[in-house]
Structure formats: structure tokens, C-alpha cells
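Breakdown of the fold
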Amino acid sequence: MKNKNAEKNMVKCTSANFITAQNGKVGWLMEDDEIKEIANPFSASYETILPDNDEIDEYARMLNTDCETSIEDDNEIEEIANPYKAVCVTSLLCDDEDSFDCKPLKLQKQGVLDDDDEIHHPATLSSSSSTVNPPPPESLSIGNLPIATQSGAKHINVCEIAEQIQQKFIVNALFEPKRLFIYDEELGFFNQYDVRAFALFLRCIYDGSEIDHILRPSNSATIFQRLLTTPTIQDSLDAYDRDQPFVNVLNGIVNLRTGQMVPHSPKNKFTSALQGKYLVSAYTPPQKFNAFVEKNFPLPEDALLFRQVMFYMLSWLRSAKLAFYLKGEMNTGKSVIAKLLRRLIGEENTSQLRLPQLLGRWGASGIVHSRLNISTEVERETLTRGSELKGYIALDPQPCEFKGENFYTAILHTCFLLIGNGMLRVNPRMADTALLERFLFMEAKNPVSKEEWDTDLLEKLWLERDAILTELIDVGIDWFQSGMKFIETETSLKLAREFKCPKGSIGYYLDECYNAVPEGREWTCSIRAGFEKWQKENGFSETFNRSEFSDALRLAATQRGFKSDKFRINGEGPRHGYRGLVSKNHRVHAIVS
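Figured I'd write up the structure that's included with this text. (Residues numbered from 1 in each chain as written. Predicted model: local features only at pLDDT ≥ 70, side-chain atom pairs only at ≥ 80, totals over all residues. Heavy atoms only, no water.)

1. Comments concerning the overall build of the protein chain
Short version of the rule: By the criteria applied, helices consist of DSSP H or I runs no shorter than four residues and strands consist of E runs no shorter than two, each listed in order from the N terminus. A simple rule labels every residue: compare its accessible area, found with a 1.4 Å probe on the protein chains alone, to the largest value its type can have, and call it buried under 20%, exposed over 50%, or partly exposed in between. By definition, residues are in contact when any of their heavy atoms lie within 4.5 Å.
In terms of regular secondary structure, the protein chain is built from 17 helices and 26 strands. Every one of the 593 residues in the protein chain was classed for burial, and the buried ones make up 50%. Restricting the contact set of the protein chain to residue pairs at least 6 apart, pairs at least 24 apart contribute 68%.

2. So, the environment of Ser564
Our working definition: Here a polar contact means two N or O atoms within 3.5 Å. Within protein one must be a hydrogen donor candidate and the other an acceptor candidate, and residues neighboring in sequence count only if both atoms are side-chain atoms.
Relative to the elements of secondary structure, Ser564 occurs in strand S25 (residues 563–569). By relative accessible area, Ser564 is classed as partly exposed at 46%. Linking Ser564 and Arg579, residues 15 residues apart in sequence, is a C-alpha distance of 6.6 Å. Setting aside chain neighbours within four positions, we find Ser564 in contact with His576, Gly577 and Tyr578. There is a polar contact of 2.6 Å between the side chain of Ser564 and the side chain of His576.

3. Concerning the nonpolar core
Inclusion rule: Definition of nonpolar core: a set of buried residues of the types Ala, Val, Leu, Ile, Met, Phe, Trp, Tyr and Cys, connected through side-chain atoms within 4.5 Å.
Membership of the largest hydrophobic core comes to 56 residues, with the highest contact counts inside it found for Val247, Phe289, Phe297, Phe324, Leu417, Met442 and Phe486. Sort the elements by how many residues they give to this core and helix H7 (residues 300–314) lands first, with nine residues. Each residue touching Phe297, except ones within four places of it in the same chain, is listed here: Asp302, Ala303, Phe306, Leu326, Ile337, Met442, Glu443 and Ala444. Membership of the second largest hydrophobic core comes to 37 residues, among which are Tyr183, Ala323, Val426 and Phe439.

4. Comments concerning the packing of helix H15 (residues 506–513) against helix H17 (residues 546–559)
The test is simple: Simply put, an axis is a line fit to the C-alpha atoms, just over the touching stretch for a helix, and the angle between two N-to-C directions goes from 0 to 180 degrees. Should an angle fall under 35 degrees it is called roughly parallel, over 145 degrees roughly antiparallel, and 65 to 115 degrees roughly perpendicular, with every other angle called oblique. The handedness criterion is simple: a crossing whose near helix is rotated anticlockwise from the far helix by less than a right angle is left-handed, and one whose near helix is rotated clockwise is right-handed. Gly falls in the polar group here, along with every residue not listed as nonpolar (Ala, Val, Leu, Ile, Met, Phe, Trp, Tyr, Cys, Pro) or charged (Asp, Glu, Lys, Arg).
Where H15 meets H17, the closest approach of the two axes is 9 Å, and the angle between their N-to-C directions is 55°. Considered as vectors, H15 and H17 are oriented oblique to each other. Seen from above, H15 lies across H17 with right-handed handedness. From H15, Ile506, Gly507 and Leu510 reach across to H17, where they touch Phe549, Ala552, Leu553, Ala556 and Ala557. Considered class by class, the residues forming the contact of H15 with H17 number seven nonpolar, one polar and no charged.

5. Focus: H17
Note the cut-off: In a helix, the anticipated span is given by 1.5 Å times the number of residues less one. Regarding the arc, it is the one traced by the directions from the helix axis to the C-beta atoms.
Counted at 1.5 Å a residue, the expected span for H17 with its 14 residues is 20 Å, and the 20 Å between its end C-alpha atoms agrees. Of the residues making up H17, those classed as buried are Phe549, Ala552, Leu553, Ala556 and Ala557. Down the axis, H17 shows its buried residues gathered within 130° of arc, on one side only. Packing partners of the buried residues in H17 comprise H15, helix H16 (524–538) and strand S26 (572–583). The N-cap residue of H17 is Asn545: its side-chain oxygen and the backbone nitrogen of Ser547 are 3.2 Å apart. Where H17 ends, the next residue or the one after it, Gly561, has phi of about 85°, a positive value.

6. Observations concerning the layout of surface pockets
Note the threshold: The pocket and cavity definitions rest on a 1 Å grid over protein atoms only: a 1.4 Å probe that fits but cannot leave marks a cavity, an open set with protein on both sides within 12 Å along at least five of seven lines marks a pocket, and residues lining either have an atom within 4 Å of a point. Grid points are joined across faces, edges and corners, and a volume is the space filled by probe spheres set on the points.
As a volume, the largest pocket reaches approximately 760 Å³. When contributions to the lining of the largest pocket are tallied by element, the ones reaching two or more residues are helix H6 (287–296), helix H8 (334–345), strand S21 (415–420) and helix H12 (457–463). Residue composition of the lining of the largest pocket, by class: 10 nonpolar, nine polar and 10 charged.

These values are about where atoms sit, not about what they do.
Written out as C-alpha cells, the structure is:
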């Protein structure tokens, strides 16, 4: 159906009229050099041409009365809103057969609205109908970066987009695991992206609805793979978050050697920043935090040790090669400490694997990108596999395995905090091993009653986060410059002795049943016979074969200063034994077979 009034008012569209609006949308240049956007009887994402009188109501009425295209009460026109998913440019043509031509930006589909409100493809068009198809531009300026397109605009130029990203950002690639590290100048650290996260990153730097069809998952994966295999940006996972005397905060980097703050730099290769600022000038001390520490760690040396440990867990230092154990009764603030640490570090940069998960097959993979792992309720667990945990703490290269990805090795720059109401149980076979020397113990005291319980304590502490960070970093600067030695407290040493020599262990048996006497001596077979009898009398069921007993006894005796040797006793022997100890009950010799 023809409309002469509309024909007079419309402007013939040519390629010279094709422009890109400031908001990233595509329209046609009118005679008055203005692009008008109908708000719009078809879809909010469409643009069309207004008549010269610029009246939307009249144009809509024209469509309704003359073109027999009804606008429903729900403001929808069937088949028009939107068969091309907001990627088509619409224009009213001025030929003999007025029609609505809907042409996608990438020339994938074309259709005409007939009187019966049906969209037909070009195969059904009459010979008299004509369309104007302006050539697409070579590149569309979208967001911060232009999209490079090939001739014909059917495919994006992957190589050019990869080069654009490298020119605008500092990009490093890790082939195993398949990650891209891209530096964020505002935050002051590298963000890491897998292929899915990288697709979201692309949509942030190339914004606009016009690229929905350009940055498809297949295209973003191709760009990701292109960057991943670029030789000039290859890097190693061990280079990130490595042991270094710098602390990354929101307003800069604190140098622990000098105590000065310097600007953010990609050279340090941080992948996160503490969620607070370091206050260089005078500041108000964190009163709530200090009151909390003084209540739960009443002895000054215990409070200082707690602050030193807090700083170490927040920092990027890992050369102490220690794990930390926080013991305390219920309602002593252990969970508040754990939650505060996670907030300050960033919850996405921490993990909460329990000991069985941590020491399992996927344990290393679960903490490879974590700066702090917090294991709670450890008093319910028994430490049976110490070699894996020792390797984590000692910064030994660990095998990492992700489901569906290749196997690789990495050094875990992760700190470990164990929290429990009681002491972690240790398998007697593992007692007195070198692993147990790598634990540092703290104890929270003075549990609060339900009447004193402050449910908003964490939020109150969070309001003081800048002052808390500043105070802990100042403690850390003194600790670092004095040789990085944690203060020894009587509470810590007492818990360490309890942990290293649990009841039922060989070390505990030597402390209970033997005296250190320089002239004393006992055969290994006598010690083993007495140990087995002592186990039965005290209800311990752990059994040791000969090799396991010899290894455990050697460690326990060496730690207590007993020397291994062969000697005679009362003319018998020589047999292997240890010098420097003697049985308290003097009945062991009678058991010797």
C-alpha cells in the first residue's frame, strides 16, 4: 500500500548519509543534519527516519492508518520487535512500493514488512521493490578500542584485536595453567583471566550492543588463544605474588626496608591488593581492634605475637616457612579474626579448605591462586599425611591438576592458618617429625558471655580497616627490620610441646618414663618393649612395625639430645641403643627378650 505524504517527506538514503551516532548506534543523516531516534513503536533498540515535521505521533498514526500496521495496546508490533535482535538499521524507502526494509549490520538477513505484517526474505520480494544497502565501515569505534574488521565485515581481525590489547594493556601469558594476566593501572595489580573471564573483559573494553554478534564466544576464545601463544609475553606463575618485602595497598606500595610508600608498579607482579589504605600522616589508633586484642590476648607478649602473625599473613612474605595455629575456647573471637583477615586480603584471594581437602588430590589446585587458606574446626581432624603439608609450607614445587586441564607444577605462595577449640590430633607415627617444627601457636583467651557478645563487632572493626592496616604494617616494618623473628612466648612454647608430643607418641613416652642422665644408656629393644607395655596400660591402640618404631625413636631421641650408639649392658651385647637416658622404673631390663 502506498502513502504519498510519507513519500514526499522522506529522504532517499545513500551511503553518504550513513554515520555512527555518538552513543554507538547507527542511523541515517537527515537533511537537517540530525539523527532522531524514535522511542519507538518497534523497539527501543531501533532507529529510523523521521518525517520533516519531526512528529512521532503523526508517523505512528500514518503507519496505523495507511500501512495497515496496527500498534497493539501492549506496544508491540508483531514480527518487528525484533526479528534481528537489535542489529538491523531501518529506513522508509521512497520507491513505488513503500516497504519497510530491515537490513542487518553484517548483511546476514534482509526482509520486508508486507501488508499482512509478515517478514519475507529477499526471495519473495517483488521486482519493483528496491533497497539501499550502504557499505559498512571498515571499523566501528566502540568503547575504548576500535573493532578491527576484515573486508566485507563478516569476520573480525583476530590478530589486530590482539595487538590492540597488547598496546593498551600490560599483558602476560601463562600457557600452563591457561591464564592471561592483565595489569590494572587503577587498582595496581594484575587481574588473571581464563577463557570465560576474558570474554567478559572484551565486552568491558568493547562496549555497545552492535558487537554482540562480533564478540561471540568462538571469537573471544580465538583472541584468547592468540594472546596465550604469543612468545613475547610468556611468563611463569611463580613470578606472581612471590616472596618480597613490599605490601600492596589501595593507595600504593609500602617498602618494608625503608618504611616508605611508593606508587603502584607492574614490576612487583601483585595479583591483589589489601582492601585498605596505609595512612602516612598521623591517624587515630583503632580503638575497637586494640580493645579486642587486649581482651583475647591479655599478656603483652601474646598480643605482640598476634600482631606479628597478623601482619605476616597479610603480607607477601613467605620466607619464614611457617603455618599458624590459633587455639581458643568458644566465643574468644577466632571466627572474627578469620573473617577480618578474609576481608582485608579479599575473599576471592583466600580459600577455606579443610585438612582432608587440603591434603587430597586436588588440594594444591584449590590453593594455587590463594594467598591465605583458613582451616577451621581442626580439633576434629587427625594429621596423617604430613609430607604434602610440609611441602606446601616449605615452598617446594607442587603438582597441580585441574579437571580438564594439563598437569603442571607450581610453588604455592599460600599462608596457612589452622583454627580450633582444641589441639589438632597427630598420628603417633608422625609425632616429633620436622613438620611439627613448622607450626607457630597462639591461644585466644577470656571467652565472652552471651550478654557481652557484640554481633556487630566485625562491622565495627571493618570501619577501622585503614587504621588497623597501618598499625599492623608499622609492626611488620619493625619485625622485618629486626630480622623477621617472631617473639617467643610461654603460651606458644607450651602449646608447641603439647602438639609435638601428643599422648601416645614415642616422644611423650620418653618424657613420661625416662630421665635425662648423662651416664644413662638404654637399648632400642628395651625401649620398644617398654613402650608397647605402656601403650596397653594406658589404652593407646596405635601399633608400629620395627622400621616405623626405629625411625620415630631416632627423631624423638635426637631432639632430646640422646645419642645413638652400640654398647654393652651387664656384659650383654653389644646392641644398638641410646646414651643419655635411663628408665624411671628400672623394670625395662626385665622385659628384654
